[in-house]
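So the chains spell out like this:
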Amino acid sequence: MPPIVQVADLRKRYGEIEAVRGISFDVQQGEVFGMLGPNGAGKTTTVEILEGLRKADTGSARVAGVDVFADPSGVKQRIGVQLQASAFPEHLTARETVDFFAACYDLDVDAIGLLRAVELDERAGQLQERLSGGQRQRLSIATALVNSPQVLFLDEPTTGLDPQARRNLWGLIQSIRRGGTTVFLTTHYLDEAEVLCDRVAIMDQGRIVAMDPPRKLIGDLLARGFTKPVAQQQASLEDVFLDLTGHELREA
Ligand code: ATP
């Protein structure tokens, strides 16, 4: 099966800034692919080029069989993009929000079915602005699924969520993957990438500096002789206290 995302020698410059400096990579159908990197590494620029939202200077990119530069609107039909919940229209219920996005594609969808997939069907009648942060993130994933995308792009999907909501969203991403959808995500949480991603690309200063499954990257680092001081304390502040003041009761 050909890769679902194929990128070759992609470059993008903003004036003096070379945001993307000739990157090449493939994403296989059905994998969760993570793009990691410090602020300003070029991740958003790359992702927005693949989504057909931004023009590259040179290079080539195919997503779901479509040449992104020749047919950006064809790409948009085949992908799902998770918008920040702040971009939702106000005064719509969760169900109406899903219907609104489906209407943008001229589609009639089973809104409740989509809400059920993200465990929000019981909130279908609630105004979206009254949902919790985690619920709004799940709603934004439901809206990104209205067109049954072949590739789902998630941009920092768990930022701002509490630990339970983060894990819940990880479960949702894994179930979307099991359904056969390829997931392309960016994240600053390395634990998240380790749990979710089949492969990650690490970007720095416009270049991909490593690309492999997380376990392999860790194994390679250890094979290079990397060791980390093990923070195993042999004593605590309580031990210090008892050593200096003794164990005896001094109530008398
Ligand atoms: P972050 O993790 O902070 O989102 P990023 O890896 O997504 O960062 P980009 O947003 O792609 O990085 O930015 C890459 C570089 O390009 C940065 O130096 C940024 O300042 C610059 N840049 C991004 N968009 C523009 C723009 N529209 N005009 C000028 N420079 C831009």
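**Q** Just checking my understanding: could you explain the environment of Val 68 for this structure?
**A** Following the sequence through the fold, Val 68 ends up in the loop between strand S5 (66–67) and helix H2 (72–78). Distance in space between the C-alpha atoms of Val 68 and Gln 233 is 54 Å, their sequence separation being 165 residues. Setting aside residues up to four positions removed in sequence, Val 68 forms contacts with Ile 49, Leu 50, Gly 52, Ala 61, Arg 62, Val 63 and Val 75.

**Q** Looking at this structure, how should I read the environment of Asp 155?
**A** Along the chain, the position of Asp 155 falls in strand S7 (residues 151–155). In sequence terms Asp 155 and Gly 15 are 140 residues apart; their C-alpha atoms lie 25 Å from each other. Other than its neighbours up to four places away in sequence, Asp 155 contacts Gln 82, Gln 84 and Thr 186. In terms of polar contacts, Asp 155 uses its side chain to reach the side chain of Thr 186, at 2.6 Å.

**Q** I would appreciate a short explanation of the pattern of salt bridges in the present structure.
**A** Two side chains with opposite charge may pair up if their charged atoms get near one another. Counted according to the given criterion, the structure contains 11 salt bridges. Across the pair Asp 220 and Lys 216 runs a salt bridge whose closest N-O atoms are separated by 2.9 Å. Taken as a pair, Asp 220 and Lys 216 lie in helix H8 (residues 214–223) at a separation of 4 residues, close to a single helical turn. With relative accessibility at 28%, the residue Asp 220 sits in the partly exposed group. Among the residues examined, Lys 216 registers a relative accessible area of 40% and is labelled partly exposed. Bridged by salt links that share partners, the residues Arg 166, Asp 191 and Glu 192 form one connected network.

**Q** Looking at this structure, I do not really get the sheet that holds strand S4 (residues 58–63). What am I missing?
**A** The strands making up a sheet associate through hydrogen bonds between their backbones, and the pairing can be parallel or antiparallel. Reading across from one edge, S2-S1-S4-S5 is the order of the 4 strands in this open sheet, with antiparallel pairing throughout. Two strands bound the open sheet, and with one partner strand each, they are strand S2 (17–27) and S5. As paired elements, strand S1 (residues 5–14) and S4 share 5 bridges and run antiparallel to each other. The residue of S4 that forms the bridge with Val 7 is Ala 61. Where helix H1 (residues 43–50) meets the sheet, it contacts S1, S2 and S4, and its direction lies at approximately 120 degrees from that of S1.

**Q** I keep staring at the site of the ligand and nothing clicks. Help me out?
**A** Among the 13 residues in the neighbourhood of the ligand, the closest are listed as Asn 39, Gly 40, Lys 43, Thr 44 and Thr 45. Here Asn 39 contributes a side-chain N or O atom positioned 2.9 Å from an oxygen atom of the ligand. For the ligand, an oxygen atom lies 3.0 Å from a polar atom in the backbone of Ala 41. For the ligand, whose free accessible area comes to 640 Å², the fraction covered by protein is 62%. Among the secondary structure elements, those contributing two or more residues to the shell around the ligand are S2 and H1. Among the elements that take part in the shell around the ligand, H1 stands out by supplying 3 residues, more than any other. Here the shell around the ligand is composed, by residue class, of 5 nonpolar, 6 polar and 2 charged.

Rules used throughout
Residues numbered from 1 in each chain as written. Predicted model: local features only at pLDDT ≥ 70, side-chain atom pairs only at ≥ 80, totals over all residues. Heavy atoms only, no water. Helix = DSSP H or I, 4+ residues; strand = E, 2+ residues; numbered from the N terminus. Contact = heavy atoms within 4.5 Å. Polar contact = N/O pair within 3.5 Å; in protein donor to acceptor, adjacent residues only side chain to side chain. Salt bridge = Lys/Arg side-chain N within 4 Å of Asp/Glu carboxyl O. Buried < 20%, exposed > 50% of the residue type's maximum accessible area, 1.4 Å probe, protein only. Pairing = 2+ DSSP bridges. Axes fitted to C-alpha atoms, helices over the stretch in contact; angles between N-to-C directions. Near = heavy atom within 4 Å. Areas by Shrake-Rupley, 256 points an atom, 1.4 Å probe, with all protein chains shown as cover. Nonpolar A, V, L, I, M, F, W, Y, C, P; charged D, E, K, R; others polar.

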